[in-house]
Amino acid sequence: MFLFSKTKEVVGIDIGSSSVKLVQLRDLKGSYQLLNVGIIPLPPEAIVDNTLMDSSAIVGAIHNLITSLGIKVKDVACSISGNSVIIRKIILPAMPLEELEDQITWEAEQYIPFDINDVNMDFQILSPDSIDPSKMNVLLVASKKDIINDYVAVFNESGLHLSVVDVDSFAVQNAFEMNHDTGVEDVIALINIGASVMNINVIKSGVTLFTRDVQMGGNLYTEEIQKQMGLSSSEAESIKILAHEAHSAALLDVLSKVNETISQEIRRSLDFYNSTANDDRITKILLSGGGSKVYKLIEVITDKTGLAVEVINPFARLKYNEKDFDSEYLQEIGPFMAVTVGLAIRRVGDK
């Protein structure tokens, strides 16, 4: 997705609604070495609807990770998603990059439902338009400045500098492309199921064809377990994670119903994409995020979509010292860390 410049390295920090995750990599010219990895939970309600509600808890979690792992790098890459970010694929007259840089603010105004002066904006030229070669497809990404400023403030308070802001979907894409080989005709749906947001990104040959964020994720399981089984939030979270070891008919019934809801939403989104995709129909689904580990979800998605479903392992091609990192642990946490690994690949000065 991105071209990587040989500039200053960053630490990838993913501030999710349930935890803060950190990955530090070293560039080995064609591959990467894992230097540090860590996860620390956040208290409930620290982040609500993608808004940083309890900044002191988030700062504390970041500080604990940085201190306990002995990290000296001060530059950070983080990402946003959900209603914090607007992503639009737009068609514009073909023009050189320099000319588009001059015109993009004017072109973008009609696609962004906020005052253009209140947003941070970026774009990427994707490809010539398949129907009219005098036009081109451009990916437009925007976020309100006050959202970004909240992240800047949290990292500043943690003694760090926010150097790169990415989007969850594209960070997962970076991690996927580093660890998986695909054919030029493969159309892959990357689906990242976080605690509160599900990111869907359909790609072909490194180009985004369709992207959508759905306000739905792993918290839906926890909430339903609480409601149906009369448990606290922490109890519900614990038995959700250990469901594969449980034989509770009530628990399995709740998981089955939420699996159905999540899978139906995935199918709806992919059907919408396929209805406008001409020949570029989806061939495979790759899952990431904590929600991807829920008992039997993969089987239900496979059944609903009729597609092969796999889980991304963002550590698959990373080099690491086996004395420092347990391979089984990395395998276990892999689905949680796809966004974070994708962020850690970035460099200061990347577009």
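Provided above is the structure to which this section pertains.
Presented here is an overview of the structure given in this document.

Definitions and limits used
- Residues numbered from 1 in each chain as written.
- Predicted model: local features only at pLDDT ≥ 70, side-chain atom pairs only at ≥ 80, totals over all residues.
- Heavy atoms only, no water.
- Helix = DSSP H or I, 4+ residues; strand = E, 2+ residues; numbered from the N terminus.
- Polar contact = N/O pair within 3.5 Å; in protein donor to acceptor, adjacent residues only side chain to side chain.
- Contact = heavy atoms within 4.5 Å.
- Phe/Tyr/Trp six-rings, centres within 6.5 Å; stacked < 30°, edge-to-face > 60°.
- Pairing = 2+ DSSP bridges.
- Axes fitted to C-alpha atoms, helices over the stretch in contact; angles between N-to-C directions.
- Salt bridge = Lys/Arg side-chain N within 4 Å of Asp/Glu carboxyl O.
- Buried < 20%, exposed > 50% of the residue type's maximum accessible area, 1.4 Å probe, protein only.
- Patch = residues over 30% accessible without salt bridge, like charges linked within 9 Å, V, L, I, M, F, W, Y side chains within 5 Å.
- Areas by Shrake-Rupley, 256 points an atom, 1.4 Å probe, with all protein chains shown as cover.

## Comments concerning the side chain of Ser81
- Along the chain, Ser81 turns up in the loop between strand S6 (75-80) and strand S7 (86-93).
- Here Asp168 takes part through its side chain, which lies 3.0 Å from a polar atom of the side chain of Ser81.
- Not counting the four nearest positions on each side in its chain, Ser81 is found in contact with Asn50, Asp168, Val197, Asn199 and Asp213.

## Quick look at the packing of aromatic side chains
- Overall, the coordinates contain three aromatic pairs when judged by the stated rule.
- Note on Phe210 and Phe272: the rings are 6.0 Å apart at their centroids and 50° apart in plane angle, and the pair reads as tilted. Taken as a pair, Phe210 in strand S13 (residues 207-214) and Phe272 in helix H7 (residues 249-275) lie far apart in primary sequence, 62 residues in all.
- Following the ring pairs from residue to residue traces out a cluster consisting of Phe210, Phe272 and Tyr273.

## Observations concerning the sheet that holds strand S3 (residues 32-41)
- If you trace the five strands from one edge of the open sheet to the other, you get S3-S2-S1-S6-S10, paired in mixed fashion. The open sheet has two edge strands with one neighbour each: S3 and strand S10 (161-167). Ignoring strand direction, the axes of neighbouring strands in this sheet form an average angle of 25°.
- Of the pairings in the sheet, the one linking S6 to S10 comprises six bridges and is parallel in character.

## A few points about the pattern of salt bridges
- Summed over all chains, the structure comprises 15 salt bridges.
- Among the ionic pairs, Asp166 bridges to Arg346, the shortest N-O distance being 2.7 Å. In this pair, Asp166 is assigned in strand S10 and Arg346 in the segment after helix H10 (338-344), connecting sequence segments 180 residues apart. We note that Asp166, like Arg346, is buried.
- The salt bridge involving Glu332 is made with Lys293; its shortest N-O contact spans 3.3 Å. Here Glu332, found in helix H9 (residues 327-333), pairs with Lys293, found in the loop between strand S14 (284-288) and helix H8 (297-305); they are 39 residues apart in sequence, far enough to count as distant.
- Lys293 gets classed as partly exposed once you look at its relative accessible area, which sits at 36%.
- If you follow the salt bridges from partner to partner, you end up with Glu185, Lys204 and Asp280 in one network.

## Topic: a nonpolar patch on the surface
- The grouping of Ile39, Tyr329 and Phe336 at the surface amounts to a nonpolar patch, some 250 Å² of accessible area in total.
- Assignment of secondary structure puts Tyr329 in helix H9.

## Examining the sheet that holds strand S8 (residues 119-128)
- Reading across the sheet, the three strands line up as S7-S9-S8 and stay open at both edges, with antiparallel pairing between neighbours. In this open sheet, the two edge strands, each paired with only one partner strand, are S7 and S8. The average undirected angle you get between the axes of adjacent strands in this sheet is 25°.
- Pairing of S7 with strand S9 (residues 135-144) involves eight bridges; the strand directions are antiparallel. Residue pairing in the sheet places Ile86 in a bridge with Ala142 of S9.
- The sheet contacts of helix H3 (residues 145-157) involve S8 and S9, and relative to S9 the element is tilted by about 60°.

Function cannot be read off these values alone, since they describe shape.
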